[in-house]
There are 2 protein chains.
Amino acid sequence: MSSELDNEQELPQQHAVTIHDVARAAGVTIGTVSKALNGQGKLKEETRERVRAVALRLGFRPNDLAQSLLRGRSFTVGLITTDSYGRFSIPLMSGIEDALGSAQISVFLCDARDDAVREQQHINSLLAKRVDGIIVTGRRIDARVPIDVGNTNTPVLYAYAQVKEADALCLLPDEAQGARIATEHLLAHGRRRLAHITGPSYFEAVQLRQEAMRQVLKEHGLDLPGHRALAGPWQEAWGHRAVGFLLEMDPGIDGIFCGSDQIARGVVDALRERGVKVPADVAVVGFDNWEIIAAATRPALTTVDMNLHELGRIAGTRLLAMIAGEKASGIIRLPCSLIVRDSCGVHTLGTAERRKEDQGD
Amino acid sequence: MSSELDNEQELPQQHAVTIHDVARAAGVTIGTVSKALNGQGKLKEETRERVRAVALRLGFRPNDLAQSLLRGRSFTVGLITTDSYGRFSIPLMSGIEDALGSAQISVFLCDARDDAVREQQHINSLLAKRVDGIIVTGRRIDARVPIDVGNTNTPVLYAYAQVKEADALCLLPDEAQGARIATEHLLAHGRRRLAHITGPSYFEAVQLRQEAMRQVLKEHGLDLPGHRALAGPWQEAWGHRAVGFLLEMDPGIDGIFCGSDQIARGVVDALRERGVKVPADVAVVGFDNWEIIAAATRPALTTVDMNLHELGRIAGTRLLAMIAGEKASGIIRLPCSLIVRDSCGVHTLGTAERRKEDQGD
DNA sequence: TTGTACGCGTTATCAG
DNA sequence: CTGATAACGCGTACAA
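Below is a short write-up of the structure. Predicted model only: the values in this text are computed from it and were never measured. For every chain, the first residue of the written sequence is number 1, and numbering continues from 1 onward in sequence order. All chains are assigned letters beginning with A, and all ligands numbers beginning with 1, in the order in which they are written. Thresholds applied to this predicted model are a pLDDT of at least 70 for local features of residues and 80 or more for the giving and counting of side-chain atom pairs; totals over whole chains, interfaces and linings are not thresholded and use all residues. Just so you know, side-chain values use all the structure's heavy atoms and leave hydrogens and water out.

### Quick look at the protein's contact with DNA strand D
Stage number 1. Throughout this document, a residue counts as near a molecule or strand when at least one of its heavy atoms sits within 4 Å of that molecule or strand. Residues in close proximity to DNA strand D total 24 residues, the closest being A:Ile19, A:Leu70, B:Thr32, B:Lys35 and B:Thr47.
Stage number 2. The sugar-phosphate backbone supplies 67% of the atoms of DNA strand D found within 4 Å of the protein.
Stage number 3. Polar contact is the term for a pair of N or O atoms within 3.5 Å; when the atoms are in protein, one must be able to donate a hydrogen and the other to accept it, and sequence-neighboring residues count only if both atoms are side-chain atoms. A:Asn63 places a main-chain nitrogen or oxygen 3.1 Å from a phosphate oxygen of DNA strand D.
Stage number 4. One nitrogen or oxygen atom from the side chain of B:Thr29 is found 3.4 Å from a phosphate oxygen belonging to DNA strand D.
Stage number 5. A helix here means a DSSP run of H or I that spans at least four residues, while a strand means a run of E at least two residues long, and both kinds are numbered starting from the N terminus. Secondary-structure elements contributing two or more residues to the surface near DNA strand D are helix H3 (30-38) and helix H5 (64-71) of chain A together with helix H3 (30-38) and helix H5 (64-71) of chain B.
Stage number 6. Considering each element in turn, the surface near DNA strand D owes the most residues, five residues, to H3(A).
Stage number 7. For this scheme, ten residues count as nonpolar: Ala, Val, Leu, Ile, Met, Phe, Trp, Tyr, Cys and Pro. Four count as charged, namely Asp, Glu, Lys and Arg, and the remainder, Gly too, count as polar. For the surface near DNA strand D, a count of residues per class yields 10 nonpolar, nine polar and five charged.

Written as structure tokens, this is what we have:
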């Protein structure tokens, strides 16, 4: 074993191997190495091969910092989550990373913990690192204040977050459409006396959904009286309690649209405990498609999926376009889907046809 | 409004403002600017102030890329999650970011989706970006294969992940200790006929916990016969089903230690449906302290918390130390805590004293 | 076909 | 006290 081999394999080089090292080892200059490795210019094939071999042998990795400095682009973007990442962030982040990853872009993760100064620190850090763009995410009750990127004209996109500035681009789930398909599903299953058990009414999402539900009912000549629209905390226990109020005031209810799967679970459990059959007597639709809850509920929840992974993917794609120079602004609402399980009966064809639900556990 | 002001406020400069711009505007050279802004060298206070003012006015932000290139340190680390981020990743990531954030270090998020080539791409990208260190995370059934950082001597730390290499540093929750405190808690509440309902036995965590539980029981002159240790899928439905098997074979059970809060929830629900009182007749302890499940269960679950946020924090801190030059290796197990709620009775003093549980809903 | 030299934005070391 | 200049690692016109 020659000492040369020792150097290569055993001594972890203190300073990472640079293009100069490769040039020296290959007996050429750095210009030649660069051309050989990037397939630029005109080189003798033999030289190119030799340089490549040496680079490989030395484990040469081009320094992205130097490249970024030169190109004026870092191929990184910042991802800011305002409320520390709740469960909604997971599909969202995963979708964003999907889109960005396939464009060879790395993502800086910043958790602002809902703290303004902390957030600004993160932003400053991102700008100092010359990120190509920033995605801001994190559901809030009302529109948040836009982030301040100073004079940097760094593209910013809000995903599952909203600001009032007209020139900002916000991607949001279409809450109204989500409520609409849920309500229509209940109606399609022949339910006519519907109720809504949901979260605090100061959430914009709550208002949008309730409004949409009311609208759909109206289109069918039905209504949603106040005592059938119950707002409370986003908790399973609230769903459980609300069923008590509801049945006491209006025992004829035959369908309930819930503002979250957690609430829906509380609702379904409470109904079962009272001997009310789901979906035979009362059909239930949830919201969020939080699998771990929706699938564990008995019967499994039919629920609205906000398609947050897809929303994230689109956010990433749109940001790439903005980085490429596209101007974009406004609020874009992306459609929700209905995930049909068992809590509403299984059949979804037509409006009248009904079939006995076969409850597989 | 002068045209100067126009330039500053309305025209978003195409190229970010550099130290040269500041120097020119302040009528000094870049060296002076650097010193003024970094508090280095000896400068007339008036000059320093003037330069600072100009820098602020121009919105100058030092380019971290250039600094990193020069210093040979990027002040970034990579975070690789192997299994796409499950719910365990959230407290973990948050803890890691806590520790790293307070050291002014930014985090690259990489989701490997449990795909080896994707993972290696991410690693190559991180190395090209000259990250100062890498944290690998993501629970797996068995030890994973170590990541390949080539010849870069980049510090690597495994958090909530495990490799067999002896010179790697792995941070893991102390599963055995977690099982021990759960079991001892049940015993302290006077339970003597304990059962264990948990996940698939090919998980190392499952084996470690079961072994520990058995050990504790042995120390108290008790045992855990095979028919009281039930392994199944990590699902609520499994807990629900398992209760049936258990009670059929051994109706005298007075305490159940569950492998997850989801399983525990299934267990508690099944017990209630059978008219078995929790905790009066049977006490239940869960695992994970997954608040949303544990708190929604009636009665709320007493459960083991793996302290993953703290584990993440420590991971971040240790990585910083490694970046600073500290050599570290081996497996470090961090203690779990018991979160006492209602599913086991409320009193935890002494071993015999018991009090009527007051079930607040 | 290959080598040279400049610039990207900083910091730090010397002169002045 | 301040100004000029050399790095850091790379890509690329331009010269040889």
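### A few points about the pairing of strand E4 (residues 156-159) of chain B
All names here are of chain B.
Stage number 1. The two faces of E4 match: Val156 and Tyr158 on one face and Leu157 and Ala159 on the other face are all buried.
Stage number 2. Bridge analysis of strand E3 (residues 133-137) against E4 gives four bridges, and the strand direction is parallel. Across the sheet, residue Ile134 finds its bridge partner in E4, namely Val156.
Stage number 3. Here E4 runs beside strand E5 (residues 169-173); their pairing, made up of three bridges, is parallel. Its bridge partner being in E5, Ala159 is matched across the sheet by Leu171. Only protein chains enter the accessibility calculation, which uses a 1.4 Å probe; a residue is then buried when its area is under 20% of its type maximum, exposed when over 50%, and partly exposed in between. Only strands joined by at least two bridges in the DSSP assignment are considered to pair.

### Here's the deal with the relation of the copies chain A and chain B
Two chain copies, one operation linking them: a rotation about an axis together with a shift along it.
Stage number 1. When the copies are superposed, the least-squares fit draws on C-alpha atoms of residues that have pLDDT of at least 70 in both. Expressed as a screw operation, the relation of chain A to chain B combines 0.0 Å of axial shift with a rotation of 180 degrees, fitting to an RMSD of 0.1 Å. Expressed as an axis order, the relation between the two copies is that of a two-fold axis. Nearest to the rotation axis, the C-alpha of A:Phe108 is located 2.2 Å from it, this being the minimum over chain A.
Stage number 2. Every residue pair with non-hydrogen atoms within 4.5 Å of one another is taken to be in contact. Taken together, the interface assignments show that 100% of the residues at the interface of chain A recur at the interface of chain B, consistent with an identical surface on both copies.

### Here we look at empty space enclosed by the protein
Residues and elements named next belong to chain B.
Stage number 1. Only protein atoms enter the calculation, which uses a 1 Å grid: trapped sets of points that fit a 1.4 Å probe without letting it out are cavities, open sets showing protein on both sides within 12 Å along at least five of seven lines are pockets, and any residue with an atom within 4 Å of a point is a lining residue. Grid points are joined across faces, edges and corners, and a volume is the space filled by probe spheres set on the points. As enumerated under the stated definition, the model contains two cavities of 30 Å³ or more in all.
Stage number 2. For the largest cavity, the calculated volume is near 180 Å³.
Stage number 3. Considering the residues around the largest cavity, the lining is formed by 18 residues, among which Arg139, Arg140, Gln162, Leu172 and Glu204 are closest to the centre.
Stage number 4. Within the residue set of the lining of the largest cavity, elements represented by two or more residues are E5 and helix H9 (204-219).
Stage number 5. The leading source of residues in the lining of the largest cavity is H9, at three residues.
Stage number 6. By residue class, the composition of the lining of the largest cavity is nine nonpolar, two polar and seven charged.
Stage number 7. Residue contributions to the lining of the largest cavity reach at least three from each of two domains, namely domain 2 (74-173 + 308-334) and domain 3 (175-306 + 340-359).
Stage number 8. As a volume, the second largest cavity reaches approximately 140 Å³. In this document the domain limits rely on a domain assignment from an automatic tool or a database.

### Quick word on the interface of chain A and chain B
Stage number 1. With 58 residues of chain A at the contact, the number on the chain B side is 58 residues.
Stage number 2. What gets called buried area is simply the loss in accessible area from a 1.4 Å probe that two parts show on being joined, summed for both. Here chain A packs against chain B, burying approximately 4900 Å² in sum over the two surfaces, 48% of which is carbon and sulfur.
Stage number 3. A side-chain nitrogen of Lys or Arg and a carboxyl oxygen of Asp or Glu constitute a salt bridge if their distance falls within 4 Å. On the surface where chain A and chain B come into contact, there are 14 salt bridges.
Stage number 4. One salt bridge connects B:Asp98 with A:Arg113, and the closest N-O pair in it is separated by 2.2 Å.
Stage number 5. Joining chain A to chain B, the criterion identifies 30 residue pairs in polar contact (both at pLDDT 80 or more).
Stage number 6. Looking at the side of chain A that touches chain B, the elements that each hand over two or more residues are H5, helix H6 (89-101), strand E2 (106-111), helix H7 (116-128), helix H10 (236-249), helix H11 (261-273) and helix H12 (291-294) of chain A.

### Some details on the pattern of salt bridges
Proximity of charged atoms lets side chains of opposite charge pair with each other.
Stage number 1. The final tally for this structure, using the stated rule, is 50 salt bridges over all chains.
Stage number 2. A salt bridge links A:Arg50 to A:Glu46, with the nearest nitrogen and oxygen atoms 3.3 Å apart. Of this pair, A:Arg50 and A:Glu46 both sit in helix H4 (residues 45-58), four residues apart, which is roughly one turn of that helix.
Stage number 3. The class of A:Glu46 is partly exposed, set by a relative accessible area of 47%.
Stage number 4. B:Asp64 is paired through a salt bridge with A:Lys129; the nearest N and O atoms lie 3.4 Å apart. On the criterion of chain membership, the pair formed by B:Asp64 in helix H5 and A:Lys129 in the loop between H7 and strand E3 (133-137) is interchain, its members lying in two chains.
Stage number 5. Residues joined by salt bridges that share partners form a network here, namely A:Glu236, A:Arg265, A:Asp269, A:Arg272, A:Glu273, A:Arg298, B:Glu236, B:Arg265, B:Asp269, B:Arg272, B:Glu273 and B:Arg298.

Remember that the coordinates give geometry; whether it matters functionally is a separate question.
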